[in-house]
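Here are the chains, one letter per residue:
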Amino acid sequence: MTVTSAPAALPPLAARAHAVGGSPVREILAVTARPEVINFAGGLPAPELFDREGIAAAFRTVLEESPERALQYSTTEGEPALRSGLAARATAQGLPTDPDDLLVTTGSQQALSLLASALIDPGDTVLVESPCYLAALQVFGLAGARILPVPGDADGVDPAALEELIRAERPKFLYLVPTFQNPTGRTMPAVRRAALATTAARHGLWIIEDDPYGELRYDGERVPWIASFPGAADRVVLLGSFSKVMAPGLRLGWLRAPGALRRACAVAKQAADLHTPTLNQLAAARYLDVLDDHVASVRAVYGARRDAMLAGLADALPAGSTWNRPEGGMFLWARLPEPYDTTALLRRVVEHDVAYVPGEPFYAADPDRSTLRLCFVTQTPEEIAEGLRRLAAGLSG
């Protein structure tokens, strides 16, 4: 007779797997996936604006002209043709860049993970905006960082508050999205960017400047990257992405960084995925020839959708609410009067077949529970108007 013992318990998951939760935005999208829901929660580009023919033509050309190369392994740093094109675009926008300054990543989200691997030891302090891009908080938390928000205002991080935190906490880096920020949509003016570059140079601080939305400008003049200001050259990492201007499904991003840090990120990328898909890189390099024309057409549509949302907010939100008017990007930030709690209200609002993202998860500390983020690019003006009518009903129900 054979006696079968109970199987032994498996070793536990790593502590960091328990310490960092999932994305509330992704969870909201899963709950609101019903087609009848008008979803202002996601940060999704409008799929009907994808240049399907242009992108397909780029893929066909690459496969016809260089199939052996397109379907083969590539270098970790990225395809030379793509890096050359990206370097030329950055240089034309006021930031002299060599192709070797760049590392191609599998979406700019991977760039954050690579930088976390290269810079963060468990217990290190990192500084972020308040509120902050949610997925960055997840990446830094998973790496074991101690995350502190820097006080700010409508123009972003306060340089004086940053100085105080640097002296008190000795952080590794400051992470920010200075142009059309996620979630607030705000843009940091040039004078403040210059002040941050000076502060970083004086105190020995890395700045990670994430710019996935910068090409989506509808009003005003372009503001130079922090990386282009005096004192910033050897300590600012600039991140970019094709997700919002070409197609997120291509999973193409890049980082521009000083040599030692860029090489450390390349080593981390070798361990993660060897390289970003060769075919996607070569197709994107080919598509760069027409990208500006495509972005111009997208900007025209998105600008009209922003205006449609701004036109309906006064009737949709409770009296006493405030909101901003972003010059570009994808998001609008609103604050409801006391005692509204946007997290508690969301379930009731979703019952009216509309959704937003509560502001709470975007804060590293001391969340403002009266805030919410609305994405205005995914729906047509008519759908936006209907969605705002539903939002008004849900908030007052």
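Each chain has its residues counted from 1, running along the sequence as written. Given that this is a predicted model, residues contribute local features only at a pLDDT of at least 70 and side-chain atom pairs are listed and counted only at 80 or more, while totals for whole chains, interfaces and linings are drawn from all residues. The side-chain values count all of the structure's non-hydrogen atoms but skip hydrogen atoms and water molecules.

**Student:** Give me the pattern of salt bridges: which residues, what numbers.
**Tutor:** What makes a salt bridge here is a side-chain nitrogen of Lys or Arg within 4 Å of a carboxyl oxygen of Asp or Glu, nothing more. Enumeration over the complete set of coordinates arrives at 24 salt bridges. A salt bridge links Arg305 to Glu48; its shortest N-O distance comes to 2.7 Å. Residue Arg305 is found in helix α11 (residues 278–316), and its partner Glu48 is found in the loop between β1 (38–39) and α3 (52–65); the two are separated by 257 residues along the sequence. Judged by relative accessible area, which is 5%, Arg305 ranks as buried. Put simply, Arg217 and Glu327 hold a salt bridge, and the shortest N to O gap is 2.7 Å. You can see Arg217 sitting in the loop between β8 (206–210) and β9 (236–241) and its partner Glu327 sitting in the loop between β11 (322–323) and β12 (331–335), a full 110 residues away along the chain. A residue is classified by how much of its surface remains accessible, and Arg217, at 13% relative accessible area, is buried. Only protein chains enter the calculation, and the probe is 1.4 Å; a residue is then buried if its accessible area is under 20% of its type maximum, exposed if over 50%, and partly exposed in between. Overall, the relative accessible area of 32% leaves Glu327 in the partly exposed class. Through salt bridges with shared partners, a single ionic network connects Asp219, Arg306, Asp307 and Arg325. Secondary structure counts use DSSP, requiring at least four H or I residues in a row for a helix and at least two E residues in a row for a strand, with both numbered from the N terminus.

**Student:** Go over empty space enclosed by the protein, please, and point to the residues and values.
**Tutor:** Gaps left between atoms are located by rolling a probe of water-molecule size over the structure's atoms. Only protein atoms enter the 1 Å grid used here. Points where a 1.4 Å probe fits but cannot escape make up a cavity, open sets with protein on both sides within 12 Å along at least five of seven lines make up a pocket, and a residue lines them when an atom lies within 4 Å of a point. Grid points are joined across faces, edges and corners, and a volume is the space filled by probe spheres set on the points. A complete count under the given rule lists one cavity of 30 Å³ or more for this structure. Considered as a void within the structure, the largest cavity measures approximately 50 Å³ in volume. Together, Pro45, Ala46, Leu49, Phe50, Ser243, Lys244, Val245, Met246, His294, Val298 and Tyr302 line the largest cavity. Partitioning the lining of the largest cavity into residue classes produces eight nonpolar, two polar and one charged. Under the scheme applied, nonpolar residues are Ala, Val, Leu, Ile, Met, Phe, Trp, Tyr, Cys and Pro; charged residues are Asp, Glu, Lys and Arg; polar residues are all the others, including Gly.

**Student:** Report on the side chain of Asp210, specifying residues and quantitative values.
**Tutor:** Here Asp210 lies in strand β8. Despite its burial, Asp210 pairs with no opposite charge, the nearest such side chain being Lys244 at 8.5 Å. Only 2.7 Å separates the side chain of Asp210 from the side chain of Tyr175, close enough to count as a polar contact. Excluding residues that lie within four positions of it along the chain, Asp210 makes contacts with Ser108, Leu112, Tyr133, Tyr175, Leu176, Val177, Pro178 and Leu239. A positive count includes Lys and Arg, and a negative count includes Asp and Glu. His and the chain ends are not counted in either. Between N or O atoms, a polar contact is any pair within 3.5 Å; within protein, one atom must be a potential hydrogen donor and the other a potential acceptor, and residues adjacent in sequence are included only when both atoms are from side chains. Residue contacts are defined here by distance: any two heavy atoms, one from each residue, within 4.5 Å place the two residues in contact.

**Student:** Could you give me a rundown of the pairing of strand β15 (residues 371–375), with the residues and numbers involved?
**Tutor:** Within β15, five of the five residues are buried, leaving the element largely enclosed by the surrounding structure. By the alternation rule, side chains of β15 split into Thr371, Arg373 and Cys375 and Leu372 and Leu374, which are all buried. Should DSSP find at least two bridges between two strands, the strands are taken to pair. Two strands pair when backbone bridges link them, and β12 and β15 are joined in this way by five bridges, in the antiparallel orientation. Residue pairing in the sheet places Ala334 in a bridge with Leu372 of β15. By the bridge criterion, two bridges tie strand β14 (residues 357–358) to β15 in an arrangement that is antiparallel. Of the residues in β15, the one forming a bridge with Pro358 is Leu372.

**Student:** For the sheet that holds strand β4 (residues 146–149), give the residues involved together with the corresponding values.
**Tutor:** Paired through backbone hydrogen bonds, the strands of a sheet run either parallel or antiparallel to each other. Here seven strands make up an open sheet; going across it, the order is β2-β10-β9-β8-β7-β3-β4 and the pairing mixed. Sheet topology places β2 (102–105) and β4 at the edges, where each strand pairs with a single neighbour. Averaged over all pairs of adjacent strands, the angle between their axes in this sheet comes to 20°, without regard to strand direction. By the bridge criterion, four bridges tie strand β3 (residues 125–128) to β4 in an arrangement that is parallel. In the strand pairing of β4, Leu127 is matched with Leu148. For every element, the axis is a line fit to its C-alpha atoms; helices are fit only across the contacting stretch, and the angle between N-to-C directions ranges from 0 to 180 degrees. Its contacts with the sheet put helix α10 (residues 259–272) on β2, β8, β9 and β10 (253–256), and the angle it makes with β2 is roughly 25°.

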